[in-house]
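Notes for the structure review
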Amino acid sequence: MARIVHLSSAHPRSDTRIFVKQCRSLASQGHEVSLVVADGLGDAYVDGIPITDVGRSRGRRERMLRSTWRVGRAAMALDADVYQLHDPELLPVGLRLRFAGRKVVFDAHEDVPTQLLDKPYLSPFGARLLAASYGLLEKAALRRFDGVLAATALIRDRLSRIHPRTIEVNNFPCTEEFCVASDTGPREHFCYVGSISAIRGVRELVKACALLRAPARLSLAGSFAEPELEAEVARYPGWNRVDALGHLDRQGVAAVMSGAFAGLVTLLPTASYRDALPVKMFEYMAAGIPVIASDFPLWRNIVEGNRCGLCVDPHDPAAIAAAIDFLADKPALAREMGARGRRAVLERYNWENEAGKLAAFYTDLLAPRTFPEHPGDKDSFITHSIR
């Protein structure tokens, strides 16, 4: 068993992948787990896991320049066996920890170089330059680290060329969080759960609401990433069919899904989304409701392959509305689709399976070794010999 510290300068302490899944899973396996964050909510002790807060940063610039190092100093003071980083800006902190002889793991939630190319606040040239610069830092850092976790197979395949100890740990749902409603009567709402932004298709979704034949309403659960966008879509005719619920806790999310007849994940076809595995898609499946998803090849393979929903052009409000109407008009078929999705999650797309992979990764990472983990890395050999 080991002392493991998770570090994040950008995510909230309640982040599903970091705290709910990984921290809790590792703690349940007997490890002594801590979390260091920068969310401004103060120190706490939750589910047997101590949380250290270094204070919220004011804006992206301060987070990148100051919060990362505050998080790093606080983590170092905990004197752990392994440090797991969850944000790209923590790579320099990881190098410092590594040079101090600590084991360091990077959890790649996103394909960052690809994601940077989609940032609306960057010019095309600036995006390419930043993506290339990050790629160089990523390669230099990960080669020195002790292992890499990847949230998707695509990220795993790319990063395994940098570090041989790279495994895929998908962000699939915890099945016990979601239950299937027992009622068989008609349901009057469909839902979207998650961060709300233009590239996540909120404009097209609200426009689709104005085209519905069925007397159904959209339960919109999440926070707008762009305040001006919320004001814009609130002026659309379809907004009178929307119940804006704001950010919900995990229990609230599960309740909204269990009462819906469909869940939508109609993200726009950006480079970072086409090959992503959005957790909300699998959460809808876990809740036993059919999915209406963007018609990307990877997503179509999951949704249509498991016969648990419909795929549509995310740019087309009329196609989105037609899919919603189809499921609203055919509740028995919608329940069958939902049941097939639930079964697929129970058999394959669940966190319980991924937790086993995470446990095996840490067992291998912590196994005693008498040879360098990084061939040719004398510092690594000396560190292991001394310890």
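Residues numbered from 1 in each chain as written. Predicted model: local features only at pLDDT ≥ 70, side-chain atom pairs only at ≥ 80, totals over all residues. Heavy atoms only, no water.

Once that is clear, we can look at the overall build of the protein. From N to C terminus, the protein includes 16 helices and 14 strands. Along the longest, intermediate and shortest principal axes, the C-alpha atoms of the protein span 70 × 45 × 40 Å. Here the protein holds 387 residues, and the buried ones make up 53% of them. Taking the intrachain contacts of the protein between residues at least 6 apart in sequence as the baseline, contacts between residues at least 24 apart amount to 67%. In the structure as shown, the protein presents an accessible area of about 17300 Å², 55% of it carried by carbon and sulfur atoms. (Helix = DSSP H or I, 4+ residues; strand = E, 2+ residues; numbered from the N terminus. Buried < 20%, exposed > 50% of the residue type's maximum accessible area, 1.4 Å probe, protein only. Contact = heavy atoms within 4.5 Å. Areas by Shrake-Rupley, 256 points an atom, 1.4 Å probe, with all protein chains shown as cover.)

Moving on to the confidence of the model for the protein. In the predicted model, the protein carries a mean pLDDT of 91, and the fraction of residues at 70 or more is 93%. Residue range residues 378-387 is modelled with pLDDT below 50. Its contacts to residues more than four positions away, or to other chains, number 14 contacts. (pLDDT = per-residue confidence, 0-100.)

It is worth spelling out the packing of helix α13 (residues 317-329) against helix α14 (residues 331-347) at this point. One can describe the packing of α13 onto α14 by two numbers: an axis separation of 5 Å at closest approach and a directional angle of 100°. One way to sum up the angle between α13 and α14 is to call them roughly perpendicular. In contact with F326, L327, A328 and D329 of α13, α14 contributes P331, L333, A334 and M337. Among the residues making up the contact of α13 with α14, the classes are represented as seven nonpolar, no polar and one charged. (Axes fitted to C-alpha atoms, helices over the stretch in contact; angles between N-to-C directions. Parallel < 35°, antiparallel > 145°, perpendicular 65-115°, else oblique. Nonpolar A, V, L, I, M, F, W, Y, C, P; charged D, E, K, R; others polar.)

In spatial order, the strands read β3-β4-β2-β1-β5-β6-β7-β8; together these eight strands make up an open sheet with mixed pairing. Where the open sheet ends on each side, the last strands, each with one partner, are β3 (44-46) and β8 (166-168). Between one strand axis and the next, the sheet turns through 20° on average, direction left out of account. Pairing between β3 and strand β4 (residues 49-53): three bridges, direction antiparallel. Looking at β4, one finds that V46 is bridged to I49. (Pairing = 2+ DSSP bridges.)

Within a regular beta strand, the side chains point alternately toward one face of the sheet and then the other, so they alternate between its two faces. In terms of burial, strand β1 (residues 3-7) is a largely internal element, four of the five residues being buried. As paired strands, β1 and strand β2 (residues 32-37) are joined by five bridges and run parallel to one another. Note that in β2 the partner of R3 across the bridge is E32. The parallel pair β1 and β2 is bridged by helix α1 (residues 16-28), and the resulting crossover is right-handed. Bridging between β1 and strand β5 (residues 82-85) involves four bridges; their strand directions are parallel. Residue pairing across strands places H6 opposite Q84, the latter belonging to β5. (Right-handed = clockwise from strand over helix to strand, strands pointing away.)

Burial of strand β7 (residues 147-150) is two-sided: the residues G147 and L149 facing one way and the residues V148 and A150 facing the other way are all buried. Taken together, the four bridges between strand β6 (residues 103-108) and β7 define a ladder with parallel strand orientation. What sits directly across from D107, in β7, is L149. Across three bridges, β7 lies against β8 in parallel orientation. Following the sheet pairing, V148 is matched in β8 by T166.

All chains considered together, the criterion is met by six aromatic pairs. Between F172 and Y349 the ring centres are 5.4 Å apart and the planes differ by 80°, which places this aromatic pair in the edge-to-face class. Placement of F172 in the loop between β8 and β9 (189-193) and of Y349 in the loop between α14 and α15 (351-366) is noted, with a sequence separation of 177 residues between them. Among the residues examined, Y349 registers a relative accessible area of 7% and is labelled buried. (Phe/Tyr/Trp six-rings, centres within 6.5 Å; stacked < 30°, edge-to-face > 60°.)

Glancing now at helix α7 (residues 202-209). For α7, the buried fraction is high: six of the eight residues fall into the buried class. Those residues of α7 that sit buried are V202, E204, L205, V206, A208 and C209. Those residues of α7 that are buried lie in contact with β9, β10 (217-221), α8 (227-233), β11 (242-246), β12 (263-265) and α13.

Here V33 is to be found in strand β2. Sequence spacing of V33 and P317 is 284 residues, and the spatial spacing of their C-alpha atoms is 46 Å. Sequence-distant contacts of V33, defined by excluding residues within four places in its chain, comprise I4, H6, C23, L26, A27, I49 and P50.

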